[in-house]
Amino acid sequence: MSTLPVIAAVDGSDDSLRALDWAIDAARRRRAPLRVVHVRQYAAWARPDVLTAGPPEPDQDAVLDQVRTRVAEIADRPATEYLALEGAPAALLPELGSTAQLLVLGSRGRGGFASLLLGSNGMAAARDAECPVVVVPRPGRDGGTSHAFRAVGEDSQTPAGPGPRVVVGLQADSPDETTLAFAFTEAVLRGARLQVVTAYQWPLQTWAMPGELVPVMIDQDAVEREARTLAEGFLAPHRERHAEVRVDLDVAPGDAAGHLVGASGDAELVVVGRHRRRLLAPARMMGSVTQAVLLHAASPVAVVPPEPGTA
């Protein structure tokens with residue numbers, strides 16, 4: 001395993017403490033050290049019109065003191081270090097990804113609006129960090145039973161059976177090998193089966209004239225067979241490297257985000273890739289599917305960046 005640490009970002013909120021617990025377990029599974037980071041943001045950063053007395057002394061951090069007490073009670077805790085930084089979390093947290101094998105955050109911190117499903121810090125880290133980012137949601141999300149995804153979630157082909165399960169999205173016409181490799185590794189670490197979700201567009205349509213869509217006369221079974229064949233081909237080398245992982249391939253029509261959210265209900269983790277950079281769109285982006293899964297999945301979500309050479 002890599003000797004780079006698993007980083008947990010904390011701010012004292014319940015969301016960040018849930019992320020800390022997840023990060024502790026992840027560090028144990030990877031036999032990696034744990035680094036707990038608190039980015040201290042003061043009014044001088046957020047509101048220039050508010051006067052402050054300045055930050056506390058470097059060795060005074062109530063949030064890290066709380067976390068130390070919590071971690072000290074864990075018998076089999078990984079080697080842990082604590083780091084306090086000062087600045088804007090949305091800028092500093094993604095930078096930590098260059099020195100970590102995993103960055104773990106809660107879905108929301110202390111700031112922002114209570115109605116938000118995902119805070120700005122989690123969004124920025126998932127979009128910009130160089131390492132995979134895991135966002136741990138609040139309890140109570142209903143995944144595929146939510147109003148936005150009920151239609152596709154209820155058609156989920158999630159294989160029945162006991163035991164832990166990791167879900168990964170596979171785009172058959174543009175696979176992300178890094179995301180697949182991460183998902184297989186997670187399945188090995190957790191002794192879990194891997195559910196691979198591949199969605200294909202249906203019904204197919206083409207433009208006949210401006211404002212008019214005409215259905216394409218193609219057999220749906222043929223489209224599904226082609227999508228399955230492509231997916232099986234991309235999975236083959238990963239199956240060979242990880243023969244101990246049971247793989248269930250779920251090929252279904254419609255919206256990929258809906259199927260992934262629908263499959264997240266009792267999953268240990270949902271793994272999605274981050275958009276590759278395009279020549280005409282060089283800025284980092286997450287993509288609509290990744291963003292929807294982050295907002296609505298009931299389980300923790302791992303966002304995996306592409307290999308630097310493919311970005």
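Our structure's up above, just so we're on the same page.
All of these numbers come straight from a predicted model, not from anything done at the bench.

Undergrad: Whenever I open this one, the packing of helix α1 (residues 14-30) against helix α3 (residues 62-72) confuses me. Can you help?
TA: When two helices pack together, their arrangement is captured by the angle between the axes and the distance separating the axes. Two elements in contact, α1 and α3, have axes whose closest approach is 12 Å; the angle formed by their N-to-C orientations is 45 degrees. One finds that α1 runs oblique with respect to α3. Between α1 and α3 lies a crossing of right-handed hand. On the side of α1, the interface is formed by L17, L20, D21 and I24, while α3 contributes Q66, V67, R70 and V71. In the contact of α1 with α3, the residues fall into 5 nonpolar, 1 polar and 2 charged.

Undergrad: Where do I start with the pattern of salt bridges in this structure?
TA: Here the idea is simple: oppositely charged side chains can pair when their charged atoms come close. Applying the stated criterion across every chain yields a total of 19 salt bridges. Among the ionic pairs, D15 bridges to R18, the shortest N-O distance being 3.2 Å. In this pair, D15 and R18 both sit in helix α1, 3 residues apart, roughly one turn of the helix. Here D15 falls in the buried class, since its relative accessible area comes to 4%. The class of R18 is partly exposed, set by a relative accessible area of 27%. Across the pair R68 and D65 runs a salt bridge whose closest N-O atoms are separated by 3.1 Å.

Undergrad: Mind showing me how you'd approach the sheet that holds strand β2 (residues 34-40) here?
TA: Sheets are built from strands paired through backbone hydrogen bonds, the pairs being either parallel or antiparallel. Strand order in the open sheet made by the 10 strands is β3-β2-β1-β4-β5-β12-β11-β6-β7-β10, with mixed pairing throughout. At either end of the open sheet lies a strand with only one pairing partner, and these are β3 (80-86) and β10 (247-253). In this sheet, adjacent strand axes meet at a mean angle of 20 degrees when their direction is disregarded. One ladder, built from 4 bridges, connects strand β1 (residues 6-9) with β2; its direction is parallel. Bridging from a neighbouring strand, I7 pairs with R35 of β2. Lying over the sheet, helix α5 (residues 120-128) contacts β4 (102-106), β5 (133-136) and β12 (301-304), oriented at roughly 160 degrees with respect to β4.

Undergrad: When you look at the environment of P164 in this model, what are you seeing that I'm missing?
TA: By the secondary structure assignment, P164 is in the loop between α6 (150-153) and β6 (165-169). For P164, a relative accessible area of 26% gives the class partly exposed. Considering only alpha carbons, one finds P164 and E268, 104 residues apart in sequence, at a separation of 6.3 Å. The contacts of P164, once residues within four sequence positions are left out, are R190, G191, A192, R193 and E268.

Rules used in this analysis
Residues numbered from 1 in each chain as written. Predicted model: local features only at pLDDT ≥ 70, side-chain atom pairs only at ≥ 80, totals over all residues. Heavy atoms only, no water. Axes fitted to C-alpha atoms, helices over the stretch in contact; angles between N-to-C directions. Helix = DSSP H or I, 4+ residues; strand = E, 2+ residues; numbered from the N terminus. Parallel < 35°, antiparallel > 145°, perpendicular 65-115°, else oblique. Left-handed = near helix turned anticlockwise from the far one by under 90°. Contact = heavy atoms within 4.5 Å. Nonpolar A, V, L, I, M, F, W, Y, C, P; charged D, E, K, R; others polar. Salt bridge = Lys/Arg side-chain N within 4 Å of Asp/Glu carboxyl O. Buried < 20%, exposed > 50% of the residue type's maximum accessible area, 1.4 Å probe, protein only. Pairing = 2+ DSSP bridges.

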